[in-house]
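# Summary of the model geometry
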Amino acid sequence: MVLTAFILLFLCALTVIFGSAFAEFRDNHIYNEKWDPHARFHCASYALTNIALGLFATALLVISIIYTIKPFVAVSIILIAIVDMIMLVTNLVPGVSNIAEGEKVYKNNPTSYWMTYVHLLFLIVGSCLYYFS
């Protein structure tokens, strides 16, 4: 069970890294010429912050496997959860749209939010498998 938990947590960390890069460095985000350069700056800083958190979480998971340092797993889980929570609470900011130009929408939520829900579910399952097995 612990191996399954590590695999899930590791995949969640990698998803933060590559998902953020794929989602933000696109024509309808950072490379969107219609956006103000300062808006693109904020998009880039958000993406790079997520990538850094994902890299740090991945490193902590690898170190925790090698040296069996349990607190590193907890910090890694928290870092990954921060990325998901920030994504979800953006809905609470007045005047901000969570739907990008050209993004698919299902039940008033963009695809990125549905992916965040699934990602958070995998993170919770991986955390439970790690701590309760």
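An account of the accompanying structure is given in this report. Only a predicted model underlies this, so the values are computations on that prediction, with no experimental measurement involved.

## Focus on a nonpolar patch on the surface
- Together, Phe10, Val62, Ile63, Ile65, Ile66 and Tyr67 line one region of the surface with nonpolar side chains, adding up to about 550 Å² of accessible area.
- The element best represented in the nonpolar patch is helix α2 (residues 37-67), accounting for five residues.
- Tracing the sequence through the fold places Ile63 in helix α2.
- Residue classification places Ile63 among the partly exposed positions, given a relative accessible area of 31%.

## So, the layout of surface pockets
- By volume, the largest pocket is sized at about 1,100 Å³.
- As for the largest pocket, its lining consists of 38 residues, and the residues nearest its centre are Glu24, His29, Tyr46, Met87 and Ser112.
- Partitioned by chemical class, the residues of the lining of the largest pocket number 17 nonpolar, 15 polar and six charged.

## Some details on the side chain of Ser76
- Note on placement: Ser76 falls in helix α3 (residues 70-89).
- Engagement of the side chain of Ser76 in a polar contact is seen with the backbone oxygen of Ala57, the distance being 3.0 Å.
- Not counting residues within four places of it along the chain, the set of residues in contact with Ser76 comprises Ala57, Leu60 and Leu61.

## Observations regarding the packing of α2 against α3
- Following both chains from N to C, one finds α2 and α3 inclined at 160°, their axes separated by 8 Å at the closest point. One way to sum up the angle between α2 and α3 is to call them roughly antiparallel. With respect to the hand of their crossing, α2 and α3 are arranged in left-handed fashion. Contacts between α2 and α3 pair Tyr46, Asn50, Leu53, Phe56, Ala57, Leu60, Leu61, Ile63 and Ser64 from the former with Phe72, Val73, Val75, Ser76, Leu79, Ile80, Ile82, Val83, Ile86 and Met87 from the latter.
- Taken together, the residues of the contact of α2 with α3 sort by class into 16 nonpolar, three polar and no charged.

## Here we look at the pattern of salt bridges
- Under the defined criterion, the tally for this structure stands at one salt bridge.
- Its salt-bridge partner being Glu33, residue Arg40 comes within 4.0 Å of it at the nearest N-O pair.

Definitions and limits used
Residues numbered from 1 in each chain as written. Predicted model: local features only at pLDDT ≥ 70, side-chain atom pairs only at ≥ 80, totals over all residues. Heavy atoms only, no water. Patch = residues over 30% accessible without salt bridge, like charges linked within 9 Å, V, L, I, M, F, W, Y side chains within 5 Å. Areas by Shrake-Rupley, 256 points an atom, 1.4 Å probe, with all protein chains shown as cover. Salt bridge = Lys/Arg side-chain N within 4 Å of Asp/Glu carboxyl O. Helix = DSSP H or I, 4+ residues; strand = E, 2+ residues; numbered from the N terminus. Buried < 20%, exposed > 50% of the residue type's maximum accessible area, 1.4 Å probe, protein only. 1 Å grid on protein atoms, 1.4 Å probe; cavity = no way out; pocket = protein on both sides within 12 Å on 5 of 7 lines; lining within 4 Å. Points joined across faces, edges and corners; volume = space filled by probe spheres on them. Nonpolar A, V, L, I, M, F, W, Y, C, P; charged D, E, K, R; others polar. Polar contact = N/O pair within 3.5 Å; in protein donor to acceptor, adjacent residues only side chain to side chain. Contact = heavy atoms within 4.5 Å. Axes fitted to C-alpha atoms, helices over the stretch in contact; angles between N-to-C directions. Parallel < 35°, antiparallel > 145°, perpendicular 65-115°, else oblique. Left-handed = near helix turned anticlockwise from the far one by under 90°.

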